[in-house]
Amino acid sequence: MLKKKILKALNDHINAEMYSSYFYLAMEAYFQSISLKGCAAWMRVQVQEELMHAMRFYDFVNERGGKVTLDAIAKPETAWTSPLAVFEAVLKHEGHVTGLINDLVDLAINEKDHATNNFLQWFVSEQVEEEASAAEIVEKLKLIKNDTSGLFMMDAELGKRVFTMPPPAAK
Ligand code: FEO
């Protein structure tokens, strides 16, 4: 059985992951609007990944006998000035999510909830990857600057990303 404090924090985090998905969907729409189809495809994978993250939390709450409580999802930002600005926003957002995951781990440890701590470790590793991939794209876009052919090559590269479902969460 989940302690009240942990249940509230996990439910809040379902909302945070759903927001992440919505935020990246807004970015996909931005890329669609400027015809960068590869960047849009990369964002679609990101949207799917965030939904999968939310569902991992959703399933975990249910498995632990807690009640999932869904809240309203905040309106995301919808306009950016450049592809670089978008990916800088991704990097910043992922840093924020890493902080949320770390806070959850701290709470699980303080509450001696080892099962929740164990569940969260997958996300600790995932956040390292999330931040690294966003940082790499930011660095490349900075190198490209205003080189249109470089941007088109980058767009084609990002368009190759595919969504793969990871193995089920540890229990
Ligand atoms: Fe679910 Fe990108 O963190």
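As the structure is a prediction and not an experimental result, all values here were calculated from the model.

On to the packing of helix H1 (residues 4-33) against helix H2 (residues 37-63), then. For any two helices packed against each other, the geometry comes down to the angle between their axes and how far apart the axes lie. Two elements in contact, H1 and H2, have axes separated by 8 Å at closest approach and are oriented at 165 degrees. Here H1 lies roughly antiparallel to H2, going by the angle between them. Seen along the crossing, H1 lies across H2 with a hand that is left-handed. Looking at the contact of H1 with H2 residue by residue, the classes come out as 18 nonpolar, 6 polar and 5 charged.

Moving on: the environment of Ser133. Its place among the elements puts Ser133 in helix H4 (residues 114-144). Overall, Ser133 belongs to the partly exposed group, its relative accessible area being 28%. Note: C-alpha distance between Ser133 and Leu70 (63 residues apart in sequence) is 30 Å.

Take the pattern of salt bridges next. For the coordinates displayed, the defined rule picks out 9 salt bridges. When the shortest N-O distance is used, the salt bridge between Glu49 and Arg161 registers 3.5 Å. Placement of Glu49 in helix H2 and of Arg161 in the segment after helix H5 (148-158) is noted, with a sequence separation of 112 residues between them. Classification of Arg161 as partly exposed rests on a relative accessible area of 21%. One salt-bridge network, held together by shared partners, links Lys3, Lys5 and Glu111.

To continue, consider H5. Residues of H5 that are buried include every one of Gly150, Met154, Asp155 and Leu158, and no others. Taken around the axis of H5, the buried residues stretch over an arc of 140 degrees, which confines them to a single face. Exposed and facing more than 90 degrees away from the buried side of H5 are Phe152 and Met153. Next to the buried residues of H5 lie H2, helix H3 (83-110) and H4.

What counts as what
Residues numbered from 1 in each chain as written. Predicted model: local features only at pLDDT ≥ 70, side-chain atom pairs only at ≥ 80, totals over all residues. Heavy atoms only, no water. Axes fitted to C-alpha atoms, helices over the stretch in contact; angles between N-to-C directions. Helix = DSSP H or I, 4+ residues; strand = E, 2+ residues; numbered from the N terminus. Parallel < 35°, antiparallel > 145°, perpendicular 65-115°, else oblique. Left-handed = near helix turned anticlockwise from the far one by under 90°. Nonpolar A, V, L, I, M, F, W, Y, C, P; charged D, E, K, R; others polar. Buried < 20%, exposed > 50% of the residue type's maximum accessible area, 1.4 Å probe, protein only. Salt bridge = Lys/Arg side-chain N within 4 Å of Asp/Glu carboxyl O. Arc of directions from axis to C-beta. Contact = heavy atoms within 4.5 Å.

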